[in-house]
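Residue-level listing of the chains:
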Amino acid sequence: MHTILKRLLADRMARGCMVFIAMLLALGVLAPVLPIADPTAIDITGKFQMPGGGHWLGTDQLGRDIFSRLVWGIRTTLCASLAAMLITSAIGALYGAIAGGMRGRVDAVMMRLADVMMSFPSEVLILAIVGMMGPGLTNMIIACVVAKWAWYARMMRTIVRRISDAGYVRFARVCGAGEAWILLRHLAPGAAGEFFVLVTLDTGSVVLMISALSFLGLGVQPPVAEWGMMLSEAKEVMLQYPWQMFWPGVAILSTVACFNFLGDCVRDAFDLRHAGRDGQ
Amino acid sequence: MSERTPLLLVEDLSVSVASTGRSIVSSAGFALHEGECLGIVGESGAGKSIMTLSAIGLQPRVLSVRGRSLWKGEDLLAMTAKGRAALYGRQILLIVQQPMSAFDPLIRIGHQLLESLRCVSPRIGSQEAIRRVEQALAALRFEDPARIMRSFPCELSGGQLQRCMLATVRLLKPSLVIADEPTSALDVLSGKEVVNEFMRMREELGVALIMITHDLGVVQALADQLIVMRQGAVIERGGPHVLTNPQHEYTRYLVNTRLALAEAFTRLTGNGGGRA
Amino acid sequence: MNKFLQLEHVARSYQDGVSLVGGRTIWPLRDVSFCIHEGERVGLIGQSGAGKSTLARIVLGLERPTRGRILMQGRPFEAWRRENPAAMSVVFQNYYESVNPMWTVQAIVSEPLALLGRRDDGRVGALLKAVGLSEDFAARYPHQLSGGQMQRVCIARALIADPKFVIFDEAVSSLDVSVQAEILELLREISGRGLAWLFISHDLQAVTSVCSRVMFLSEGAIVEDLSVQDLAGAKSDCARELLGAVMPFQSGFIDSGSVS
């Protein structure tokens, strides 16, 4: 495992992405103590200011500092996305591992349930759930989990089945290894690795989902800062003051892209046959 | 040295990775005449397949090829892709190592064979086409050609699939067949059948054959001339005497190991094997 | 010699197709009985589809026979396996797939020891040398090894816990002919350890070079069982067919040195 970490750290692209994400997280966590403006401080006279002076990225339609709202938005957007991703992948992984390990009828029944969940288009399902439960950050996370867990379950089940059938697991069984040994030494590390790749690659889409829901007004409520909602507010003045839309858009784009690139790098790092980007 | 124009003349062929310049094949060459069989031997990774595929313009895109490859006097490498495509199937046929991957798993064998036939004879009537395919399958010693035609690839064994591939030779009647390790993925019985079919094919159809293999027994049974490759270079060439009286140290190693493999068997049964 | 492995009328069936609707029952093994003595090296040969893989899985304990019984040193199979952990080992055909691609050679080879709760204390290094690899291979990963090297690692792994019985399941079939010869010579070298083995193959040349006895399997039953010395006199159709399928190879070249 530490070989993989070494390979990942040696990759320039991966390092860059990890630094970026770490920076975002740090900014988000430290937001209350940073010397930035109050994200909810309204100043109607100072609205739609261009970047410069006291406001690094300008102000929005209520005169609030955009930069500050972006930083505080990290707490909402990124944390909600990571929470949703963690819960979804944990539930999906457990469900899929059990199905893949038990095989037979248990596997068949569990997978049919998962198939039913997957047959709903995820965006429609999310909207329906939030519509029923009402807007709010918690409900948004719940909706994301309900929509996506089945996909992760299916992925994990495939991985577990493939590893269980592998030659090296058969060898261990012939040598008298018990199920516990196979689980701890072969299944868990192998499956965790592949699953982690999927999780990293998919985090970007969760960020997009959370932002999209807030854009539609189904997520957080004003005056809480959130990137998707900032976009939503900015769309009203898109033609007169396009800068307001630009900054949250760039924030979402760069975060999603960063996770996607990082996912690619993680996948390459796990694939030992791959030479490694910087020719190692 | 024959005075006829060789069917395929390869001179000074070098293949390297386009991006890094790493050499895979260096200055390989051979001359193959009509009806002849050329054996290309060497271990896995020696560059046998890449050299042969590059000689007919089918190298993987990441590789760049230099040198000359003349098909009936015309430079294959200088031809347009369209010009080469006209040769594939009609005049040059490739038999791959893994018979399972040579066929589309979702389509019945009969349809795939008919499709190949129609590439060469587009105006052939369907009754006539079916008759020809059944005839070709019967020539491959299939007892029930109609059942084979109705089968999906997954229902047939590796040996049977390889024989279906060979049936396309009888259908398309090319001038050259390139067989890339045709017996390596098969068990010995199927492998022997395949080798026998190659022998019959040469006798009955007169096709030229390039046989790429790491099994010297196969080469000895079929080849008129052979080249030995190692790490991308041709290290020895000649007629059957290359196997019976090898000169190069590496060829001697290959012959030695092959003899060692058969040593116990030969000693116990008194001969190097039976006849088909 | 004591009997080591005994199979008595072992048969195995599968349901082909959906059993609710009424699938066919397939019998890859119909009636297999044989016995391997301690220290004996026996070959099992048959065509594809004869039932070799099924028999291998049953002897390895990966599947249970539908009928018949298996005895190891006189004890029932399952009981013997419990009492003698890691006393049986295997070398598979597909060497890359039979090792964990994320593990180093050291971890791969020492797995049977770890299963027994024993430490390495140099055995891995000694075994790597015994199979013809230098000790620094221990730090490498599977994808860095050639086919022949990988199979040597698998052989080292099979031997490290001093098993009493090793099964070679088409162990050389996926290798180049020249590498096959080298691996077979390695097997001949290690045969002095007094372990019993079952060498499964479709190639009679390989079987005769490492075994003292050969069994012919055809359509789920053993049709002939004779010592390799008597091979030329084999009578069954299966045996004669397999004898005739061997590709002959003649050369005037005789090298008195060894293969490697």
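Residues numbered from 1 in each chain as written. Chains lettered and ligands numbered in written order. Predicted model: local features only at pLDDT ≥ 70, side-chain atom pairs only at ≥ 80, totals over all residues.

What follows concerns the overall build of chain C. Regarding its fold elements, chain C presents eight helices and 10 strands. For 260 residues, the compact-globule estimate of 2.2 N^0.38 gives 18 Å, and the C-alpha radius of gyration of chain C, at 19 Å, lies within 12% of that figure. Projected onto the principal axes, the alpha-carbon positions of chain C cover approximately 55 × 55 × 40 Å. The buried share of chain C, reckoned over its 260 residues, is 48%. Within chain C, contacts between residues separated by at least 24 positions form 71% of all contacts whose residues are at least 6 apart in sequence. (Helix = DSSP H or I, 4+ residues; strand = E, 2+ residues; numbered from the N terminus. Rg over C-alpha atoms; globule rule 2.2 N^0.38 Å. Buried ≥ 20, exposed ≤ 12 C-beta atoms within 10 Å, placed from the backbone. Contact = placed C-beta atoms within 7 Å.)

The highest contact count of any of the two pairs of chains in contact belongs to chains B and C. If you take every C-alpha in chain A and every C-alpha in chain B, the smallest gap between them is 11 Å, and the two do not touch.

Taken together, the contact between chain A and chain C spans 17 residues of the former and 22 residues of the latter. Here the side of chain A that touches chain C takes seven residues from helix α7 (residues 167-174) of chain A, the largest share from any one element. Looking at the side of chain A that touches chain C, its residues break down into 10 nonpolar, four polar and three charged. (Nonpolar A, V, L, I, M, F, W, Y, C, P; charged D, E, K, R; others polar.)

A few words now on the packing of helix α4 (residues 104-118) of chain A against helix α6 (residues 137-164) of chain A. Residues and elements named next belong to chain A. In the contact formed by α4 and α6, the axes pass within 8 Å of each other and the chain directions differ by 140°. On the basis of the axis angle, α4 is oblique to α6. When the axes of α4 and α6 are compared, the crossing they make is left-handed. Facing Met-111, Ala-114, Met-117 and Met-118 of α4, the residues of α6 in contact are Ala-150, Trp-151, Ala-153, Arg-154 and Arg-157. (Axes fitted to C-alpha atoms, helices over the stretch in contact; angles between N-to-C directions. Parallel < 35°, antiparallel > 145°, perpendicular 65-115°, else oblique. Left-handed = near helix turned anticlockwise from the far one by under 90°.)

Moving on, we get to the interface of chain C and chain B. Contact with chain C, which involves 36 residues of that partner, is made by 38 residues of chain B. At the level of elements, α6 (177-190), α7 (204-210) and α8 (237-244) of chain C are the ones that each hand at least two residues to the side of chain C that touches chain B. Counting residues per element, the side of chain C that touches chain B draws most heavily on α6 of chain C, at seven residues. Considering only residue class, the side of chain C that touches chain B consists of 16 nonpolar, 14 polar and six charged.

This part covers unusual backbone geometry. One non-glycine residue, Gln-231 of chain B, lies in positive phi territory at about 50°. With respect to the element layout, Gln-231 of chain B can be found in the loop between β9 (225-230) and β10 (233-238). Accessibility expressed as a C-beta count within 10 Å gives 15 for Gln-231 of chain B, which makes it partly exposed. With a phi close to 50°, His-9 of chain C is a non-glycine residue in the positive phi region. Structurally, His-9 of chain C is set in strand β1 (residues 3-16).

Let us look at the environment of Ile-159 of chain A. Residue and element names in this part refer to chain A. In this structure, Ile-159 sits in helix α6. Each C-alpha atom, one on Ile-159 and one on Ala-37, is 48 Å from the other, the two residues being 122 residues apart in sequence. With sequence-adjacent residues up to four places away left out, Ile-159 is seen in contact with Ala-191, Glu-194 and Phe-195.

To characterise two packed helices, one gives the angle between the axes of the helices and the distance between these axes. All names here are of chain A. As a packed pair, helix α9 (residues 227-235) and helix α10 (residues 243-270) sit with axes 8 Å apart at the nearest point and diverge in direction by 155°. One finds that α9 runs roughly antiparallel with respect to α10. The handedness of the crossing between α9 and α10 is left-handed. Of α10, the residues touching α9 (which contributes Trp-227, Met-230, Leu-231, Ala-234 and Lys-235) are Gln-244, Met-245, Pro-248, Gly-249, Ala-251 and Ile-252. By residue class, the composition of the contact of α9 with α10 is eight nonpolar, two polar and one charged.

All right, on to the domain arrangement of chain C then. Domains assigned within chain C are domain 1 (1-84 + 191-243) and domain 2 (85-163). The straight-line distance from the C-alpha centre of domain 1 of chain C to that of domain 2 of chain C is 26 Å. (Domains from an automatic or database assignment.)

Bringing helix α4 (residues 123-130) of chain C into the picture now. Residues and elements named next belong to chain C. All buried positions along α4 are accounted for by Val-124, Leu-127 and Leu-128. Axial view of α4: buried residues confined to an arc of 105°, hence all on one face. Each element contacted by the buried residues of α4 is listed here: α3 (105-115) and α5 (147-159). Looking one or two places after α4, you find Gly-132, whose phi comes out positive at around 90°. (Arc of directions from axis to C-beta.)

Residue and element names in this part refer to chain B. The end-to-end C-alpha distance of helix α5 (residues 126-139) is 20 Å, a good match for the 20 Å that 14 residues give at a rise of 1.5 Å each. Listing the buried residues of α5 in full gives Val-133, Ala-136 and Leu-137. The buried residues of α5 occupy an angular sector of 100° when the element is viewed end-on, so they sit on one face. The exposed residues of α5 that point more than 90 degrees off its buried face are Gln-127, Glu-128 and Arg-131. Along its buried surface, α5 packs onto α4 (109-120), α6 (145-150) and α7 (158-172). Of the residues one or two after α5, Arg-141 is the one with positive phi, at around 65°. (Expected span 1.5 Å × (residues − 1).)

Before going further, it helps to examine the sheet that holds strand β7 (residues 176-180) of chain B. Residue and element names in this part refer to chain B. Pairing within the open sheet is mixed, and its six strands lie in the order β6-β7-β8-β3-β9-β10. Both edges of this open sheet fall to β6 (92-95) and β10, since each of them pairs with a single strand only. Across the sheet, the mean angle from the axis of one strand to that of its neighbour is 15°, orientation sign disregarded. Pairing geometry for strand β3 (residues 37-41) and β9, over four bridges, is parallel. Opposite Leu-38, over in β9, you have Gln-225 as the bridge partner. Set on the sheet, helix α1 (residues 48-55) makes contact with β3, β7, β8 (208-213) and β9; between it and β8 the angle comes to about 150°. Here α7 sits on the sheet and contacts β6 and β7; the angle it forms with β6, its principal contact strand, is near 170°. (Pairing = 2+ DSSP bridges.)

The next point concerns the nonpolar core. Core analysis: the largest hydrophobic core is formed by 234 residues, its most contacted members being Cys-144 and Met-156 of chain A, Ile-210 of chain B together with Ile-167 of chain C. In terms of residue count, α6 of chain A provides more of this core than any other element does, 15 residues in total. Here this core gathers at least three residues from each of two domains, domain 1 (1-84 + 191-243) and domain 2 (85-163) of chain C. Dropping the residues within four chain positions of it, Cys-144 of chain A is found in contact with Ala-84, Thr-88, Ile-126, Val-206 and Met-209 of chain A. (Core = buried A, V, L, I, M, F, W, Y, C linked by C-beta atoms within 7 Å.)

Residues and elements named next belong to chain C. Here strand β7 (residues 165-169) lies mainly inside the structure; five of its five residues are buried. Side chains Phe-165, Ile-167 and Asp-169 of β7 all project onto a buried face; the interleaved residues Val-166 and Phe-168 project onto the opposite face, where all are buried too. Bridge count between strand β6 (residues 88-91) and β7: four bridges; the pairing is parallel. Bridged to Val-90 within β7 is Ile-167.

Next up on the list: the sheet that holds strand β4 (residues 63-71) of chain B. To summarise the sheet geometry, strands pair through backbone hydrogen bonds and adopt either a parallel or an antiparallel arrangement. All names here are of chain B. Strands sit in the order β2-β1-β4-β5 across an open sheet of four strands; the sheet is antiparallel. Across the chains shown, the open sheet's two edge strands, defined by having one partner strand only, are β2 (23-32) and β5 (74-75). The strands touched by α1 within the sheet are β1 (8-17), β2 and β4, with β1 carrying the most contacts at an inclination of about 115°.

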